[in-house]
Amino acid sequence: MAYNPKKHNRRSTRLKGYDYSSPGLYFVTICTYSRVCLFGEIADRKMILNRWGWIARDQWQKTETIRDNVTLDAFVIMPNHMHGIVQIVGPNNDVGAYRDTPLQNDTRQRNNDPEQQSEFRSPSQTLGAIIRGYKSAVTTKINKKRDATGRKVWQRNYHDHIIRDEPSLKRIRYYIVNNPNQWYENRHNPRNF
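Residues numbered from 1 in each chain as written. Predicted model: local features only at pLDDT ≥ 70, side-chain atom pairs only at ≥ 80, totals over all residues. Heavy atoms only, no water.

**Q** What exactly am I supposed to notice about the overall build of the chain here?
**A** When helices and strands are tallied, the chain shows three helices and eight strands. Starting at the N terminus and ending at the C terminus, the chain contains elements arranged as β-β-β-α-β-β-β-β-α-β-α. Within the chain, the fraction of its 193 residues that count as buried is 41%. Within the chain, counting contacts between residues at least 6 apart in sequence, those at least 24 apart form 64% of the total. Here the chain has roughly 11,900 Å² of accessible surface; of this, 50% comes from carbon and sulfur atoms. (Helix = DSSP H or I, 4+ residues; strand = E, 2+ residues; numbered from the N terminus. Buried < 20%, exposed > 50% of the residue type's maximum accessible area, 1.4 Å probe, protein only. Contact = heavy atoms within 4.5 Å. Areas by Shrake-Rupley, 256 points an atom, 1.4 Å probe, with all protein chains shown as cover.)

The structure is reproduced here in structure tokens:
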């Protein structure tokens, strides 16, 4: 299908020119498709996961064990979204393949530096690849259990925030941990749409 600007008008929410494979802390929010409350409910200001919520939780925790460049921090699965802090650790793997993924030639020009145009990097090291892998694993597992191949679980894309300092990290951790307590005022709560 040819590009049609009237139809294909998705705009990126990523910070232009930023290398999302670089080491750092990232706060992400991922919403369910149509913000359906798929993962459970809030009762007494606590999140009660249902079977789909447990899948979302377990797959998030597995992210750290299957990716050498990821450490997880605070996270919460909510009825129709999740929040988490992802830390990408270490330099880009420049001595061979990342796990079993072959290196690919990255021909994008970053920061207008011609020396970086042919840098080899594994696509699995970027924040986008980490989130895509998570969303795909959750979707596959949930749809297999509910016998609904191809059914959407997640909205397109995700929201990210680059955490730049310790006060910001503390504030975001507090927000994540207290998210179930704030559900009734939360903008993701369907009652508040």
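**Q** Would you explain the environment of valine 36 in this entry?
**A** Inspection of the secondary structure puts valine 36 in the loop between strand 1 (24-31) and strand 2 (40-43). Between the C-alpha atom of valine 36 and that of asparagine 189, which follows or precedes it by 153 residues, the distance is 9.6 Å. Leave out the neighbours within four places in its chain, and valine 36 touches Pro79 and Asn80.

**Q** I'm lost on unusual backbone geometry in this one. Help?
**A** Residues other than glycine predominantly adopt negative phi, and peptide bonds predominantly adopt the trans conformation. Positive phi is not limited to glycine here, since serine 34 has a value of about 55°. Relative to the helices and strands, serine 34 resides in the loop between strand 1 and strand 2. A relative accessible area of 51% places serine 34 in the exposed class.

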